[in-house]
Amino acid sequence: MSRPAETGPTPSPVTADDVALAVRLAVRTLRDAPPKGWDAKAGSLEWDCWETVEHLANDLFYYAVQLGPQSPPLDTHVPFALTRKRPEAPVVFAHAERDAGPAGLLQVLEACGALLVAMVRTTPPHVRAHHAAGVSDPEGFAALGVQETLVHLHDVAEGFGLPWTPPSDLCSRVLTRLFPETPRDTAPWPTLLWATGRAELPGRPRLTTWRSDSTPRQ
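Residues numbered from 1 in each chain as written. Predicted model: local features only at pLDDT ≥ 70, side-chain atom pairs only at ≥ 80, totals over all residues. Heavy atoms only, no water.

A. Structural view of the overall build of the protein chain. What the protein chain contains, in helices and strands, is six helices and zero strands. Helices and strands in the protein chain line up, N terminus first, as α-α-α-α-α-α. Across its three principal axes, the protein chain shows a C-alpha extent of roughly 75 × 45 × 30 Å. Expressed as a percentage of the 218 residues in the protein chain, the buried residues total 50%. Looking at the protein chain alone, contacts between residues at least 24 apart form 67% of all its contacts between residues at least 6 apart. With the model as given, the accessible surface of the protein chain reaches about 11300 Å², and the carbon-plus-sulfur share is 55%. Side chains of the protein chain carry 20 positive and 25 negative charges; the gap between the two charge centres is 2 Å. (Helix = DSSP H or I, 4+ residues; strand = E, 2+ residues; numbered from the N terminus. Buried < 20%, exposed > 50% of the residue type's maximum accessible area, 1.4 Å probe, protein only. Contact = heavy atoms within 4.5 Å. Areas by Shrake-Rupley, 256 points an atom, 1.4 Å probe, with all protein chains shown as cover. Lys, Arg positive; Asp, Glu negative; His and termini not counted. Charge placed at Lys NZ, Arg CZ, Asp CG, Glu CD.)

B. Summary view of the packing of aromatic side chains. By the definition in use, this model includes nine aromatic pairs. On the basis of an interplanar angle of 75° and a centroid distance of 5.4 Å, the ring pair of Phe61 and Phe80 is categorised as edge-to-face. Of this pair, Phe61 sits in helix α2 (residues 49–66) while Phe80 sits in the loop between α2 and α3 (101–122), and the two are 19 residues apart along the sequence. Exposure remark for Phe80: the relative accessible area of 35% places this residue in the partly exposed category. Seen in terms of ring centroids, Phe80 and Phe93 are 5.7 Å apart; in terms of plane orientation they differ by 80°. Their pairing is edge-to-face. Of the two residues, Phe80 sits in the loop between α2 and α3 while Phe93 sits in the loop between α2 and α3, which places them 13 residues apart along the sequence. (Phe/Tyr/Trp six-rings, centres within 6.5 Å; stacked < 30°, edge-to-face > 60°.)

C. Spotlight on the packing of helix α1 (residues 16–30) against helix α4 (residues 138–160). Close contact between α1 and α4 brings their axes to 9 Å; oriented N to C, the two are set at 15°. Here α4 runs roughly parallel to α1, going by the angle between their axes. Along this stretch, α1 crosses α4, giving a crossing that reads as left-handed. In contact with Asp18, Val19, Ala22, Val23, Ala26, Thr29 and Leu30 of α1, α4 contributes Ala142, Val146, Thr149, Leu150, Leu153 and Val156. Classifying every residue of the contact of α1 with α4 gives ten nonpolar, two polar and one charged. (Axes fitted to C-alpha atoms, helices over the stretch in contact; angles between N-to-C directions. Parallel < 35°, antiparallel > 145°, perpendicular 65-115°, else oblique. Left-handed = near helix turned anticlockwise from the far one by under 90°. Nonpolar A, V, L, I, M, F, W, Y, C, P; charged D, E, K, R; others polar.)

Keep in mind these numbers describe shape, not what the thing actually does.
Written out as structure tokens, the structure is:
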């Protein structure tokens, strides 16, 4: 009599709670940023720290609205108009009021994060919507939101000289969902930075191009 094949434990999904946690930790860190450093370059990016946080907020908003229509488009994004303030700046759907200062920018980040949290919690898991990294499900958009939050906070924290080390289990779930081919014998946070072109790993040079895979795993 043959024995059934052994299988490993089912990976924990990325959830709306993970998005909420990532955004909460990001906002907590950015509240310690000095008020006059927002025009400094964000890590290795060509954007400044303000633009990078504004881009992050727009990413969270973008992921939320893709899940919003009754029949989400699968071949392109929901057509909000994109703009940019300068040629090197990120394209965004909405800008934060500069006169509101860093506190206002963090409110925009919190609000956009809350939109994604709500949409991931309330959208049925069978729903699919467009993303450039692959037509995705609510969990995929949650993972993308967490990835963007963790990695762009790394960029901004470098610009300000602030410490930023997110929880390992959160990084691990993002890697499992979006980067299934990454090494599993290295610490999750450095591995996520490597997978997104921000750092080297032992024996693995820094990536010059990278791409996440947001397609559903089932």
